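Next come the chains, spelled out residue by residue.
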Amino acid sequence: MTKPMDFDVLVIGAGPGGYHAAIRAAQLGLKVACVERDSLGGVCLNVGCIPTKAMLHAGEQIAAARHAADFGLTFGEQKLDIAKLNGWKDGIVKKLTGGVGALFKANKVTHLIGEASFVDPHTVKVGDKTYTAANFIIATGSEPAKLPGLDVDQDVIVDSTGALVMPDPVPARMLCVGGGVIGFEFSHVYNNMGSEVKVIEFLPNIIPGADADAVKEFAKIMKKQGIKIATETKANKAEKKGDGVHVELENVKTGEKTTEVFDRVLVAVGRRPRTDGLNVQAAGVHVTERGFIPADTRQHSNVPHIYSVGDVAGNPMLAHKAMKEGLVAAEVIAGKPSEQDAVAIPGVVYTSPELAWVGLTEAEAKEKGYEVKTGIFPLSASGRAMTLQATDGFVKMVVEKDTDLLLGVHIVGPHASDLLGEAGLALEMAATASDIALTIHAHPTLGEAVLEAAEAVHKQAIHIMNK
Ligand SMILES: Cc1cc2nc3c(=O)[nH]c(=O)nc-3n(C[C@H](O)[C@H](O)[C@H](O)COP(=O)(O)OP(=O)(O)OC[C@H]3O[C@@H](n4cnc5c(N)ncnc54)[C@H](O)[C@@H]3O)c2cc1C
């Protein structure tokens, strides 16, 4: 008789992908273990989504206190206790990561501490112990990409993890290398806390993947808030000197080089999948040249009993995508007919205002051969936005011309990420712009801007001139 396996499922990594997979597999009656070499919750809870949102909130309150003067409320001189700020953020992280541990216990998921590495297709080693399992879910995530010439010391030259610890005093001059989502979130934090911030981006446009009109509006607002943006610019090297970090910048179009001095430099040029130490070769798992472990729509790697989910499985590297993939992998292992078939995965930049989108951009829709109509409703015409002192931005809807079928929604505005829930559901339900326009939205709310953008598609918005 062969020895029974230790577990039905062994999950490697306890980030959003891994912990969702482990808990769902346990809910479905499987015997589950989850190996984590670091703190539970992965990048998202420890050094990603959650702590950045805490810092963003704090920065927004600082800015909001300044803007309160518009309606007659003034305070004394602003004082920021940086140790308290960092501690407050760490407290939220601790509470949430502790919560994952409690959920593991409640669901009887065995939490193994250490680094997992494959010994053979059904065995992994963790420390000096080995464990066998019928199925494995690889959820090892990603880490910041490096930039030659800019050596991260997590003090003055930082990656996103280093940038989460606000130094005392707040740096006077901050350079952000990379104009993507993470770069802009940090730029917004530092700008609100008093740094003079410059963002450089190698490509002609910031926030790759977002709709061109939305990016234009977003860039305009960020500049109005004081953030300097230089596109088609790269950083060649950084040298630490007595008066700060001297960074050589190059205009990639003209080749012109300049040196500027900063107190803190953030390198936010993307992320790469993480499989170091995992020894997947021993299990016969295929890794692409860029380091991903690709999966099919049911999350199988090339080895059928080994699944791959989250950042390590491929782009987009987003927590909600990792969570969904984790659930699919667990359900497939439990024999359910689950499959990855999302119409759209939302994307959000959590600045103030937020930039958020779901579905196709206008350019993507045209590339796919759709004849499109668009409708834009500016927040300057929204009563609710005025009461919130937040009239910058708009809602843009992209619709197929003949069928009125919704293809994409792009929002620059406060709470755009929350407004996106309606848009995502509408896309999944194959709603038309008329369906949205016919739905009674509460007044006064920001959600009405979504309704009026749908009306604008038909040139029938009430609160703007329809051109
Ligand atoms: C600054 C920042 C802000 C972000 N903000 C957002 C946001 O607002 N919204 C959003 O959707 N996404 C955001 N993201 C992205 C999000 O964090 C990731 O998409 C998400 O964490 C991916 O989840 P995952 O489970 O695939 O991997 P991860 O969260 O990377 O977790 C993988 C885990 O596996 C562990 N591990 C790796 N190898 C081994 C091994 N061999 N043995 C044991 N354990 C191992 C690691 O220690 C890690 O804990 C942000 C990322 C960053 C960096």
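These lines cover the structure that appears in this document, whether it is placed above or below. Computed from a predicted structure; not experimentally measured.

**Some points on the site of the ligand**
If you check the shell around the ligand, you find 40 residues, and the closest are E36, V43, K53, D311 and A319. Measuring from an oxygen atom of the ligand, one finds a side-chain N or O atom of K53 at 2.6 Å. Only α1 (16-27), β2 (32-36), α2 (42-47), α3 (49-67), α6 (181-192) and α8 (319-333) provide two or more residues apiece to the shell around the ligand. Taken together, the residues of the shell around the ligand break down into 18 nonpolar, 14 polar and eight charged.

**Quick word on the nonpolar core**
Among the nonpolar cores identified, the biggest contains 38 residues, and M166, F184, I207 and L355 are the most heavily contacted of them. Contributing elements (two or more residues each) for this core: α3, α4 (82-106), β9 (173-177), α6, β10 (196-200), α7 (212-224) and β19 (354-359). If you tally residues by element for this core, the top one is α7, at six residues. Apart from residues lying up to four places away in sequence, M166 is in contact with M55, I82, L85, N86, P171, V189, Y190 and M193. Among the nonpolar cores identified, the runner-up in size contains 32 residues, and A344, L427, L446 and A449 belong to it.

**Some thoughts on the sheet that holds strand β14 (residues 257-262)**
On the basis of which strands lie adjacent, the open sheet formed by three strands has the order β12-β13-β14 and antiparallel pairing. Looking along the sheet, the strands with just one partner apiece sit at the ends: β12 (233-241) and β14. Across the sheet, the mean angle separating the axes of adjacent strands is 25 degrees when strand polarity is ignored.

**Some thoughts on the pattern of salt bridges**
Following the criterion strictly, the structure yields 20 salt bridges and no others. Between K224 and D392 there is a salt bridge, with the nearest N and O atoms lying 2.9 Å from each other. Residue K224 is found in helix α7, and its partner D392 is found in the loop between α10 (383-387) and β21 (394-400); the two are separated by 168 residues along the sequence. Given a relative accessible area of 61%, K224 falls into the exposed group. Since its relative accessible area comes to 26%, D392 is described here as partly exposed. For K396, the salt bridge goes to E362, with nearest N and O atoms at 2.7 Å.

**Looking at the sheet that holds β9**
An order of β8-β15-β9-β10-β11 is seen for the five strands of this open sheet, with the pairing classed as parallel. Each edge of the sheet is formed by a strand with only one pairing partner; in this case those strands are β8 (157-158) and β11 (228-230). Inspection of the sheet shows β8 paired to strand β15 (residues 264-267) by two bridges, in the parallel sense. Residue pairing across strands places V158 opposite L266, the latter belonging to β15.

**Structural notes on the packing of aromatic side chains**
Applying the stated criterion across every chain yields a total of three aromatic pairs. Ring centres of F118 and F136 lie 5.1 Å apart, and the angle between their planes is 65 degrees; this geometry places the pair in the edge-to-face category. Taken together, the positions of F118 in strand β4 (residues 116-120) and F136 in strand β6 (residues 129-138) put the pair 18 residues apart, joining distant regions of the chain. Neither F118 nor F136 differs from the other in exposure class; each is buried. Both rings, one in F184 and one in F218, keep their centres 5.5 Å apart while their planes meet at 70 degrees; by these two values the pair is edge-to-face. Taken together, the positions of F184 in helix α6 and F218 in helix α7 put the pair 34 residues apart, joining distant regions of the chain.

**Things to note about the state of the cysteines**
Per the stated rule, a full pass over the model turns up one disulfide. The disulfide partner of C44 is C49, and the gap between their sulfur atoms is 2.3 Å. Looking down the S-S bond of the C44 and C49 bridge, the torsion is -125 degrees, so its handedness is left-handed. Note on C49: relative accessible area 26%, which makes it partly exposed. Among the cysteines around C34, which has no disulfide bond, C44 carries the closest sulfur, lying 15 Å off.

**Some thoughts on the side chain of N46**
The topology assignment puts N46 in helix α2. Reaching out from N46, the side chain makes a polar contact with the backbone oxygen of L40 at a distance of 3.1 Å. There is a polar contact of 2.8 Å between the side chain of N46 and the backbone oxygen of G42. Not counting the four nearest positions on each side in its chain, N46 is found in contact with S39, L40, G41, P51, V93 and T97.

**Some words on a nonpolar patch on the surface**
Taken together, the side chains of F71, L73 and F75 define a hydrophobic patch exposed on the protein surface, amounting to about 340 Å² of accessible area. Position of F75 among the secondary structure elements: in the loop between α3 and α4. On the basis of relative accessible area, F75 is assigned to the exposed category, the value being 54%.

**Quick notes on the environment of C49**
Mapped onto the elements of the fold, C49 is located in helix α3. In the structure, C49 is positioned 67 residues away from A116 in sequence and 25 Å away in space, judged by C-alpha atoms. If we skip the residues at most four places from it in the chain, C49 touches V43, C44 and A319.

What counts, and where the lines are drawn
Residues numbered from 1 in each chain as written. Predicted model: local features only at pLDDT ≥ 70, side-chain atom pairs only at ≥ 80, totals over all residues. Heavy atoms only, no water. Near = heavy atom within 4 Å. Polar contact = N/O pair within 3.5 Å; in protein donor to acceptor, adjacent residues only side chain to side chain. Helix = DSSP H or I, 4+ residues; strand = E, 2+ residues; numbered from the N terminus. Nonpolar A, V, L, I, M, F, W, Y, C, P; charged D, E, K, R; others polar. Core = buried A, V, L, I, M, F, W, Y, C linked by side-chain atoms within 4.5 Å. Buried < 20%, exposed > 50% of the residue type's maximum accessible area, 1.4 Å probe, protein only. Contact = heavy atoms within 4.5 Å. Pairing = 2+ DSSP bridges. Axes fitted to C-alpha atoms, helices over the stretch in contact; angles between N-to-C directions. Salt bridge = Lys/Arg side-chain N within 4 Å of Asp/Glu carboxyl O. Phe/Tyr/Trp six-rings, centres within 6.5 Å; stacked < 30°, edge-to-face > 60°. Disulfide = S-S within 2.5 Å. Patch = residues over 30% accessible without salt bridge, like charges linked within 9 Å, V, L, I, M, F, W, Y side chains within 5 Å. Areas by Shrake-Rupley, 256 points an atom, 1.4 Å probe, with all protein chains shown as cover.

From the geometry alone we can't say anything about function, so treat these as descriptive.
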